[in-house]
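# Observations on the three-dimensional arrangement
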Amino acid sequence: HLPDNVTKIGNYAFSNCTHMRMALPNGLIEIGMGCFNNSWIVVDELPSTLTKIGNDAFNNCSNVTISKLPEGLTSLGHSVFESCKNITTMEIPTGIVNIYSNCFAGCGGLEKVHCKGDIVKIYDEAFRYDTNLTTVILSNVTTVPTLGTNVFSSTKISNNKGYITSKGANDPVG
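A quick note: this is a predicted structure, and the numbers were derived from the prediction, not measured.

## Observations regarding the pattern of salt bridges
Scanning the entire structure with this criterion turns up 6 salt bridges. K116 is the partner of E71 in a salt bridge, and the nearest nitrogen-oxygen pair spans 3.0 Å. Taken together, the residues E71 in the loop between strand 5 (52–53) and strand 6 (75–76) and K116 in the loop between strand 9 (112–115) and strand 10 (121–122) connect sequence positions 45 residues apart. E71 gets classed as partly exposed once you look at its relative accessible area, which sits at 38%. Put simply, R128 and E125 hold a salt bridge, and the shortest N to O gap is 2.7 Å. Of the residues examined, E125 reaches a relative accessible area of 22% and is grouped as partly exposed. Overlapping salt bridges, with partners in common, bring together K68, E71, E91 and K116 in one network.

Right, here's the structure in full:
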């Protein structure tokens, strides 16, 4: 357990660690680049105080089951949740306007994504190889987001078995 006064976990702090169960402290503001990369860590919730998650922070962490990113999050790097196979749904908060390359790529269990913000761009391969992804909901977009290459490659969306939809901020998501 990390002390409650920890506000930042540095780059690669727990990279390649095995068999960790960690409650992240409530005052945590930033998770550094590669912080838990390739680790056997169990994380199912992020603190509400978190504003930044660095590149590759949870890359290849198969025991991560986070389903909702904190509402105050404004920075989400590339490849953050790449190959996190046990994530099944993801709610992305209003402060995120770009989904960077490979952010959720290889999340084989991911079925549904709800973006609550005004998504401007989804970068290359952001959801590539998410073989069960059928639904992406964009709640508050003001214009159609720019899509990079292979954003939905090897998903059910790319195989015309899923859909992308836009709903109003107060419309139920289901």
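## Thoughts on the side chain of S15
By the element assignment, S15 lies in the loop between strand 1 (8–9) and strand 2 (20–21). The class of S15 is buried, set by a relative accessible area of 17%. In this view, S15 contacts G34, C35, F36, N37 and S39; residues no more than four positions away in its chain are not counted.

What counts, and at which threshold
Residues numbered from 1 in each chain as written. Predicted model: local features only at pLDDT ≥ 70, side-chain atom pairs only at ≥ 80, totals over all residues. Heavy atoms only, no water. Salt bridge = Lys/Arg side-chain N within 4 Å of Asp/Glu carboxyl O. Helix = DSSP H or I, 4+ residues; strand = E, 2+ residues; numbered from the N terminus. Buried < 20%, exposed > 50% of the residue type's maximum accessible area, 1.4 Å probe, protein only. Contact = heavy atoms within 4.5 Å.

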